[in-house]
Amino acid sequence: MIEISESAQGYLNELLSKQEEADVGIRVFVAQPGTPNAETCIAYCRPGEEQEGDLPVSYDGFTAWFEERSLPYLEDAKVDYQEDQMGGQLTIKAPNARVPAVGPDASLEDRISYVLYNEINPGLAAHGGVVSLVEIVDESVAVLQFGGGCQGCAAVDITLKNGVEKSLLEQIPELSGIRDATDHSVTEHAYYQ
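Computed from a predicted structure; not experimentally measured. (Residues numbered from 1 in each chain as written. Predicted model: local features only at pLDDT ≥ 70, side-chain atom pairs only at ≥ 80, totals over all residues. Heavy atoms only, no water.)

Asker: What am I meant to see in the environment of threonine 159 here?
Answerer: Within the secondary structure layout, threonine 159 lies in helix 3 (residues 156–171). Separated by 35 residues in the primary sequence, threonine 159 and leucine 124 place their C-alpha atoms 9.0 Å from one another. Once residues lying within four places of it in the same chain are set aside, the contact partners of threonine 159 are Leu124, Phe146 and Val164. (Helix = DSSP H or I, 4+ residues; strand = E, 2+ residues; numbered from the N terminus. Contact = heavy atoms within 4.5 Å.)

This is how it looks when you write it as structure tokens:
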């Protein structure tokens, strides 16, 4: 779970005490978890703004609500506050935000994202490409979105069938198939045209 240092708790308490409404807490979540664009966020959480499944943790003076879906990405995260000449800075370090440590009990989405970002995308990056999970449909079909040099690439069918699909189906046996949701008529940045 995430660790909030005493200095960070003090700083957050000070911020929360300036809110006009009583009992305002914080909500911690990861936006775009499991992707290179993942960002760990702390936001005000007014009474009633917490989401179903959020995990409440009481600190001295406030409650922090941790988004359920973000919990694996917040593993080993640390929030700290350091005073400096300009006042101070709140820092959030979440080493698993982009690629969480996933195990066999992780969600299907998390396991797919893990394979995509650790094994597939490093190879695609050589051609300026990237692939990400859009959604799971029919309970076991992964819908993928290609971007960069893969969008509109003449070799995308080979990449999808011989690379991405083969790797995902071998490593995640619950998957029954892969679909490409990319509009490949846009060839502006395609690696092979």
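Asker: So what exactly am I meant to see when it comes to the nonpolar core here?
Answerer: The tendency in soluble globular proteins is for nonpolar side chains to be buried side by side. Ranked by internal contacts, the top residues of the largest apolar core, which has 21 residues, are Ile2, Ile4, Ile26, Phe62, Phe66 and Leu74. For this core, the secondary structure elements donating two or more residues are helix 1 (6–17), strand 2 (25–31), strand 5 (62–66) and strand 6 (78–82). In this view, phenylalanine 66 contacts Met1, Ile2, Ile4, Val28, Asp54, Leu55, Val57, Tyr59, Leu71 and Leu74; residues no more than four positions away in its chain are not counted. Judged by nonpolar contacts, the second largest core, of 20 residues, contains Leu108, Leu116, Leu124 and Ile178. (Core = buried A, V, L, I, M, F, W, Y, C linked by side-chain atoms within 4.5 Å. Buried < 20%, exposed > 50% of the residue type's maximum accessible area, 1.4 Å probe, protein only.)

Asker: Looking at this model, I keep getting lost on the sheet that holds strand 10 (residues 177–180). Mind explaining?
Answerer: Either a parallel or an antiparallel arrangement is found when strands of a sheet pair, and the pairing is made through backbone hydrogen bonds. Spatially, the 3 strands line up as an open sheet ordered 8-9-10, and their pairing is mixed. Because the sheet does not close on itself, it has two edges, and the strands there are strand 8 (129–137) and strand 10. Averaged over all pairs of adjacent strands, the angle between strand axes in this sheet comes to 30°, irrespective of strand direction. Pairing geometry for strand 9 (residues 141–148) and strand 10, over 4 bridges, is parallel. Opposite leucine 144, over in strand 10, you have aspartate 180 as the bridge partner. Across the sheet, helix 2 (residues 108–125) touches strand 8 and strand 9, and the angle it forms with strand 8 is around 160°. (Pairing = 2+ DSSP bridges. Axes fitted to C-alpha atoms, helices over the stretch in contact; angles between N-to-C directions.)

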